[in-house]
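Overview (structure and organization)
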Amino acid sequence: MEPTGKLDGCIANAGGGGMLCGYENMDTQEFLRVLQLNVLGTMLSIKHTLPAMIAAGGGSFVGMSSLAGHITHPWFGAYPVAKAGIEAMIRNAADENGRHQLRFNAIRPGFVATEIMEGIPRDSGIYRSYIDNTPMAGVGYPEDVGRLARFLIGPESRWITGQCINVDGGHSLRRGPDFTEFRG
């Protein structure tokens, strides 16, 4: 894409999780921190890009959800709640702003080989549960998510809005990973 001098799109990719524990042991401040990072961070990205994209005559906003925002992930605390919140926000923003020719979509990555996932030992039951629950029996790469983000930002997706799209090798067809051994 060539530069236009206008804000045509935004990808809100910041986020993160927190403690691995049951809700009965959840630290309230940690729960709020994860919600603020994910939900409030995405809302602020929408809030501050929306006027410029409206002025540009339209555009595309992509929020980063997670497989955890769609299927249960026991012991993940605030993270699934936050990612589900992003998805609700994306759908509402799409409905509110379609009249401005603005599209809002979210991406739901599954297990992607990033630095944060390096903390899961490859010989652990957790890693095996990811692989066993993924029909394509592997892990994704950042490029897999990036290619979908590029498509959603670009004009090829002009008729797609309010959607949450999985990039997970089919993992969403089954169930979340078993993190019981890391439970706090």
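In short, a report on the structure. Here the structure is a predicted model, which means the values were calculated and not measured.

A complete count under the given rule lists five aromatic pairs for this structure. Relative to Phe 31, the ring of Tyr 23 has its centre 6.4 Å away and its plane inclined at 65°; by these criteria the two rings are edge-to-face. Taking relative accessible area as the criterion, Tyr 23 reaches 52% and is therefore assigned exposed. Here the aromatic residues Phe 111, Tyr 127 and Tyr 130 are joined through ring pairs into a cluster of three or more.

Turning our eyes to something else, we now look at a nonpolar patch on the surface. A grouping of Leu 40, Met 43 and Leu 44 is seen on the molecular surface, where their side chains present a nonpolar patch of about 220 Å² in accessible area. Along the chain, Leu 40 turns up in helix 1 (residues 28-55).

Ranked by size, the top nonpolar core spans 15 residues in total, and within it Ile 46, Leu 50, Phe 61, Ile 90, Leu 102 and Phe 104 carry the most contacts. Sorting elements by how many residues they give to this core places helix 2 (residues 78-97) first, with five residues. Setting aside chain neighbours within four positions, we find Phe 104 in contact with Ile 46, Leu 50, Phe 61, Ile 90, Ala 93, Ala 94, Asn 97, Thr 161, Gly 162 and Gln 163. Membership of the second largest hydrophobic core comes to 11 residues, among which are Phe 76, Tyr 79, Ile 126 and Phe 179.

With that settled, the discussion passes to the pattern of salt bridges. Pairing between side chains becomes possible if they bear opposite charge and their charged atoms approach one another. Throughout the structure, instances matching the rule amount to five salt bridges. Two residues, Arg 33 and Glu 30, come together in a salt bridge whose shortest N-O distance is 2.8 Å. With Arg 33 and Glu 30 both in helix 1, this residue pair falls three residues apart, about one helical turn. Across the pair Arg 122 and Glu 118 runs a salt bridge whose closest N-O atoms are separated by 3.4 Å. Given the relative accessible area of 52%, Glu 118 is considered exposed.

The residue His 73 is located in the loop between strand 2 (59-64) and helix 2 in this model. Among the polar contacts listed, one links the side chain of His 73 to the backbone oxygen of Ile 71, at a separation of 3.1 Å.

Rules used throughout
- Residues numbered from 1 in each chain as written.
- Predicted model: local features only at pLDDT ≥ 70, side-chain atom pairs only at ≥ 80, totals over all residues.
- Heavy atoms only, no water.
- Phe/Tyr/Trp six-rings, centres within 6.5 Å; stacked < 30°, edge-to-face > 60°.
- Buried < 20%, exposed > 50% of the residue type's maximum accessible area, 1.4 Å probe, protein only.
- Patch = residues over 30% accessible without salt bridge, like charges linked within 9 Å, V, L, I, M, F, W, Y side chains within 5 Å.
- Areas by Shrake-Rupley, 256 points an atom, 1.4 Å probe, with all protein chains shown as cover.
- Salt bridge = Lys/Arg side-chain N within 4 Å of Asp/Glu carboxyl O.
- Helix = DSSP H or I, 4+ residues; strand = E, 2+ residues; numbered from the N terminus.
- Core = buried A, V, L, I, M, F, W, Y, C linked by side-chain atoms within 4.5 Å.
- Contact = heavy atoms within 4.5 Å.
- Polar contact = N/O pair within 3.5 Å; in protein donor to acceptor, adjacent residues only side chain to side chain.

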